[in-house]
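Here is what each chain is made of, one letter per residue.
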Amino acid sequence: MFRKAGILFFYTITPLHPGSGASVAGVDLPIQRERHTNFPMIQASGVKGALRDLAKKLKDAGKLDNKAEEKIDIVFGPETERASEHGGALAVTDARILLFPVRSVRGVFAWITCPAVIKRFERDLTILKATNEGLSGEALEQLKNIELPTLKARQASTPQDSGVVLGEDQIILEDFCFQIPQDSERDQVKNLAKWLANNALPNELDYWKEKLKRDLVLLSDEDFAEFVEMSTEVITRIKLGEEGTVETGPWDEEHLPSETLLYSLALATDPKLPKDRMLEAAIRDAEGVLMFLEDELVAKARVMQFGGDETVGKGLVWARYFDGRLKGSEGGEGHGT
């Protein structure tokens, strides 16, 4: 049973290719998608694998203490040849989409989301409150108190001071025009944008946090689904041989664009070590597991790599850990890295 929980936010710096391993339609290498929504995602095995790889690189670089190898075994489980000794104490969920960047006629681009995505995120926040004993649930309550407007197809809502609005009530995203209803609760969208900027984006990204507070656009579930299906980045690649001629390709790869925000739940148990090893263990409880994740991995690395194409600079993401606690009366800076 899980005893502690947190959330990992991943903000893409460069296009990200979490490959699905099967071609669909006109794309040879599409990204991973949820079966029931077709929303982009990163499978949990890929998230955990990237975290373990990050821990190994930090250990090899001498950025972790002399108990790093034992801690990695406790958190992620032993290497394959010793897998039968005990399991890992950390579980992660699939990384789900939270914000998706879309080209805009004004303001260069906007982040889009929809009620279904936000409500699912609220549901996941309840796991933090239910799992972490003593957590007040302020973050969850603040999010639940935001009453999102009901939108129809080709309608949108955004903060009053948004830089992506044309005139008074129009937004053009890609080639589509969206109308802002007169009764749209734009102050509520502003509150949502502030919550996400303060708690989901890393503290170092000041410019992007301020832009998010202005340029978040709420769409209907159907319009959001269309954008995340049709507005991903498709890159054509080839492989050159030693003599400079094409050896393989061309082939098409689908990527999540830069500036995408995803999140994953991090769930911890007490270490699954034999009883005779627990007293001397470098990590002794579930809280220690998440402290290792927050203080040793996320805080020391900040930037990590997901998916394929590492050698061509793809898949760089900025990570932030959030444990569900807020600072300040308006959500301030979320506790965590």
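As a reminder, the structure under discussion sits directly above these lines.
Residues numbered from 1 in each chain as written. Predicted model: local features only at pLDDT ≥ 70, side-chain atom pairs only at ≥ 80, totals over all residues. Heavy atoms only, no water.

What follows deals with the overall build of the protein chain. Within the protein chain, the secondary structure is distributed over nine helices and 15 strands. Here the protein chain holds 337 residues, and 53% of them are scored as buried. If you take every contact in the protein chain between residues at least 6 apart in sequence, the share linking residues at least 24 apart comes to 69%. As displayed, the protein chain has an accessible area near 15700 Å², and 48% of this comes from carbon and sulfur atoms. Considering the protein chain, the positive charge centre built from 42 side chains and the negative charge centre built from 56 side chains are found 4 Å apart. (Helix = DSSP H or I, 4+ residues; strand = E, 2+ residues; numbered from the N terminus. Buried < 20%, exposed > 50% of the residue type's maximum accessible area, 1.4 Å probe, protein only. Contact = heavy atoms within 4.5 Å. Areas by Shrake-Rupley, 256 points an atom, 1.4 Å probe, with all protein chains shown as cover. Lys, Arg positive; Asp, Glu negative; His and termini not counted. Charge placed at Lys NZ, Arg CZ, Asp CG, Glu CD.)

Taken as a whole and assessed by the stated rule, the structure comprises 24 salt bridges. A salt bridge links Arg82 to Glu85, with the nearest nitrogen and oxygen atoms 3.3 Å apart. Its relative accessible area of 41% is what places Glu85 among the partly exposed residues. Here the salt bridges do not stand alone but share partners, grouping Arg52, Lys56, Asp73, Glu79, Arg82 and Glu85 into one network. (Salt bridge = Lys/Arg side-chain N within 4 Å of Asp/Glu carboxyl O.)

As a further point, take the packing of helix 2 (residues 68-76) against helix 9 (residues 286-301). In a pair of packed helices, the angle between the axes and the distance between the axes together describe the arrangement. Running from N to C, helix 2 and helix 9 cross one another at 125°; their axes reach a closest spacing of 10 Å. With respect to helix 9, the element helix 2 is oriented oblique. Helix 9 is crossed by helix 2, and the crossing has left-handed handedness. Across the interface between the two elements, Lys71, Ile72, Val75 and Phe76 from helix 2 touch Val289, Phe292 and Leu297 from helix 9. Class assignment of the residues belonging to the contact of helix 2 with helix 9 gives a composition of six nonpolar, no polar and one charged. (Axes fitted to C-alpha atoms, helices over the stretch in contact; angles between N-to-C directions. Parallel < 35°, antiparallel > 145°, perpendicular 65-115°, else oblique. Left-handed = near helix turned anticlockwise from the far one by under 90°. Nonpolar A, V, L, I, M, F, W, Y, C, P; charged D, E, K, R; others polar.)

Let's shift gears to the sheet that holds strand 7 (residues 165-166). The sheet built from three strands is open, its strands ordered 7-8-9 with antiparallel pairing. For this open sheet the edge positions go to strand 7 and strand 9 (176-179), each flanked by a neighbour on one side alone. (Pairing = 2+ DSSP bridges.)

Taking 1.5 Å of rise per residue, 17 residues should cover 24 Å, and helix 1 (residues 44-60) covers 24 Å from first to last C-alpha, within 8% of that figure. Looking at helix 1, one finds that the buried residues are Ala44, Val47, Ala50, Leu51, Arg52, Leu54, Ala55 and Leu58. Where helix 1 terminates, the next one or two residues include Gly62, which has phi positive at roughly 75°. (Expected span 1.5 Å × (residues − 1).)

Bringing the nonpolar core into the picture now. Core analysis: the largest hydrophobic core is formed by 99 residues, its most contacted members being Leu98 and Leu173. Leaving out residues up to four positions away in the same chain, Leu98 has contacts with Phe9, Ile112, Thr113, Val117, Ile118, Phe121, Leu196, Leu261, Leu262 and Tyr263. (Core = buried A, V, L, I, M, F, W, Y, C linked by side-chain atoms within 4.5 Å.)

Here we take up a negative patch on the surface. Together, Glu147, Asp183, Glu185 and Asp187 line one region of the surface with negative charge. Its place among the elements puts Asp183 in the loop between strand 9 and helix 5 (186-199). Taking the relative accessible area as the measure of exposure, Asp183 reaches 63% and is therefore exposed. (Patch = residues over 30% accessible without salt bridge, like charges linked within 9 Å, V, L, I, M, F, W, Y side chains within 5 Å.)

This next bit is on the pairing of strand 8 (residues 170-173). The alternating pattern of strand 8 places Ile171 and Leu173 on a buried face and Gln170 and Ile172 on a face that is not buried. Here two bridges tie strand 7 to strand 8, and the two strands are oriented antiparallel to one another. From the neighbouring strand, Val165 faces strand 8, where its bridge partner is Ile171. In this structure, the hairpin formed by strand 7 and strand 8 is closed by a connection of three residues, where Gly167 is found at a positive phi of approximately 65°. One ladder, built from four bridges, connects strand 8 with strand 9; its direction is antiparallel. Across the sheet, Ile171 pairs through a bridge with Phe178, a residue of strand 9. Between strand 8 and strand 9, which follow one another and run antiparallel, lie two residues, and Glu174 among them has a positive phi close to 55°.

Counting buried residues in strand 13 (residues 261-268) gives eight out of eight residues, a clear majority hidden from the surface. Residues Leu261, Tyr263, Leu265 and Leu267 line one face of strand 13 and the alternating positions Leu262, Ser264, Ala266 and Ala268 line the opposite face, and both faces are buried. Note: strand 1 (residues 4-12) against strand 13, eight bridges, orientation antiparallel. In the strand pairing of strand 13, Ala5 is matched with Leu267. Relative to strand 13, strand 3 (residues 90-92) runs antiparallel, the two sharing three bridges. Its bridge partner lying in strand 13, Ala91 is registered against Leu267. The sheet contact formed by strand 4 (residues 95-103) and strand 13 spans three bridges and is antiparallel.

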